[in-house]
Amino acid sequence: MTENLTERPIVVLGGLGKVGRRLVPALRDGGHPVRVASRSSEQHFDWHDTATWAPALEGARAVYVVYLQNLFSPEAAVRLRSLGELARSLGVERVVLQSARGWPEAYPAEVAVRSSGAPWTILRPAWFFQNFSEALLVHPLVAGEVRLPTGDGREAFVDAQDVAEAAARVLTEDGHTGRLYELTGPRLLTFGDAVAEIAAGTGHDFRFTPQSAEEFAAEMRAAGVPEPYMYMDTEEFARMESSLFAQVHSGANGYLTDAVERILGRAPRDFAAYVRETAATGVWDKQPS
Ligand SMILES: NC(=O)c1ccc[n+]([C@@H]2O[C@H](COP(=O)([O-])OP(=O)(O)OC[C@H]3O[C@@H](n4cnc5c(N)ncnc54)[C@H](OP(=O)(O)O)[C@@H]3O)[C@@H](O)[C@H]2O)c1
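Keep in mind that what you see is a predicted model, and the values were worked out from it rather than measured. (Residues numbered from 1 in each chain as written. Predicted model: local features only at pLDDT ≥ 70, side-chain atom pairs only at ≥ 80, totals over all residues. Heavy atoms only, no water.)

Asks: Tell me what's going on with the site of the ligand, and back it up with residues and numbers.
Replies: Taken together, 26 residues are adjacent to the ligand, and Ser38, Arg39, Ser40, Leu68 and Asn131 come closest. Here an oxygen atom of the ligand sits 3.0 Å away from a polar atom, N or O, in the main chain of Val19. If the ligand stood free it would expose 910 Å²; the protein chains cover 88% of that surface. When grouped by side-chain class, the residues that make up the shell around the ligand number 13 nonpolar, 10 polar and 3 charged. (Near = heavy atom within 4 Å. Polar contact = N/O pair within 3.5 Å; in protein donor to acceptor, adjacent residues only side chain to side chain. Areas by Shrake-Rupley, 256 points an atom, 1.4 Å probe, with all protein chains shown as cover. Nonpolar A, V, L, I, M, F, W, Y, C, P; charged D, E, K, R; others polar.)

Asks: Which residues make up the packing of helix H8 (residues 213-223) against helix H9 (residues 234-249), and what are the values?
Replies: The geometry of H8 relative to H9 is characterised by a closest axis approach of 9 Å and an angle of 150 degrees between their N-to-C directions. Between H8 and H9, the crossing angle belongs to the class labelled roughly antiparallel. Where H8 crosses over H9, the two elements pack in a sense that is right-handed. Residues Phe216, Ala217, Met220 and Arg221 of H8 form the contact with H9, whose participating residues are Thr234, Glu235, Phe237, Ala238, Glu241, Ser242 and Phe245. Broken down by class, the residue content of the contact of H8 with H9 amounts to 6 nonpolar, 2 polar and 3 charged. (Axes fitted to C-alpha atoms, helices over the stretch in contact; angles between N-to-C directions. Helix = DSSP H or I, 4+ residues; strand = E, 2+ residues; numbered from the N terminus. Parallel < 35°, antiparallel > 145°, perpendicular 65-115°, else oblique. Left-handed = near helix turned anticlockwise from the far one by under 90°. Contact = heavy atoms within 4.5 Å.)

Asks: Account for the UniProt feature "domain: NAD(P)-binding" (unreviewed entry) in the protein, naming residues and giving values.
Replies: Sequence positions flagged by UniProt for "domain: NAD(P)-binding" (unreviewed entry) are, in local numbering, residues 14-173. In residues 14-173, the share of helix is 36% and the share of strand is 18%. The end C-alpha atoms are 21 Å apart. (UniProt positions renumbered as here; feature names shortened; annotations may be inferred.)

Asks: Any details on the sheet that holds strand E3 (residues 43-44)? Residues and values, ideally.
Replies: What the 7 strands build is an open sheet, ordered E3-E2-E1-E4-E5-E6-E9; its pairing is parallel. The open sheet has two edge strands with one neighbour each: E3 and strand E9 (179-183). Strand direction decides the pairing type here: strand E4 (residues 62-66) and strand E5 (residues 94-98), joined by 5 bridges, are parallel. By the bridge assignment, Tyr64 is partnered in E5 with Val96. (Pairing = 2+ DSSP bridges.)

Asks: Report on the nonpolar core, specifying residues and quantitative values.
Replies: Trp47, Leu80, Phe132, Phe191 and Trp284 are the most contacted members of the largest nonpolar core, which totals 66 residues. The biggest single contributor to this core is H9, with 6 residues. Ranked by size, the runner-up nonpolar core spans 32 residues in total, among them Val36, Ala62, Val66 and Ala168. (Core = buried A, V, L, I, M, F, W, Y, C linked by side-chain atoms within 4.5 Å. Buried < 20%, exposed > 50% of the residue type's maximum accessible area, 1.4 Å probe, protein only.)

Asks: Hey, could you go over the pairing of strand E6 (residues 120-125) for me, with residue numbers and the actual values?
Replies: For E6, the buried fraction is high: 6 of the 6 residues fall into the buried class. The alternating pattern of E6 places Trp120, Ile122 and Arg124 and Thr121, Leu123 and Pro125 on opposite faces, both of which are buried. Bridging between E5 and E6 involves 4 bridges; their strand directions are parallel. Within the sheet, the bridge partner assigned to Val95 lies in E6 and is Trp120. Where E6 meets E9, 5 bridges bridge the pair, whose relative direction is parallel. Within E9, the position partnered with Ile122 by the bridge is Leu180.

The structure is reproduced here in structure tokens:
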């Protein structure tokens, strides 16, 4: 559909990320004008430089808010409240926050948006399938072994494409203001199950090795912070990763929701379809540079 340029745009923060790069075409295909805002986008926006915020939000109808990875940090709540207040003062009609399911430490960031006075919706996605192909887990996977302290804890992995399509609906349809949706896939898997499915789907000898929380934290501290997350120090990064995996290990994430189906009117995509399609791209066949 052709973009309706008389409409006020929908701003997508983090529009080049795993969800954002799927959300932007979903919105444009629906005819909605979109403004992508991040450090390397045409519309410059930096969470660490408040002077870039108002120009990015000016004239917007709605904003999709992807914060940095450390949603649990006290400054995340401070910044998200300020952004919500700014959005309200600029007349933005919908502020949709991408939070995270199963991470209670991140919930103060949600409260910050909810109490900013902006019309809010919260999406809490489960772990993305794409962590195995577009984020940190791709490196150990392709090297042959994923070591994590998740034990037999099951996770309701969800496709970032489903998160993006649900976000597009929430940003453009009525009836979602003041609502919180936990977005999950259709099947519970341990991290070991997920690695085994990718191994079977690619024919590669990929293994999952369970670790203790102590072994994992020590490895994190020794390895330091990977390049995309250099805004955290080693201690904060190790603490964040440990708390996320501890939550999985505890079994607290082992439930499914019907939120994707309620929003999209269809079942969420299964991990098997993701493995089939991603294996065909060759991303699991060689060590990423
Ligand atoms: N991964 C998961 O399984 C999962 C599940 C649930 C929730 N979450 C949450 O989702 C968020 C991440 O979303 P994602 O995985 O879709 O994104 P992502 O792939 O990590 O991409 C990050 C985006 O943020 C932008 N960015 C990085 N630093 C920035 C800065 N200082 N200022 C402004 N923009 C910046 C990047 O663009 P530039 O480089 O151009 O700035 C990029 O577009 C996190 O808050 C995470 O906690 C993740």
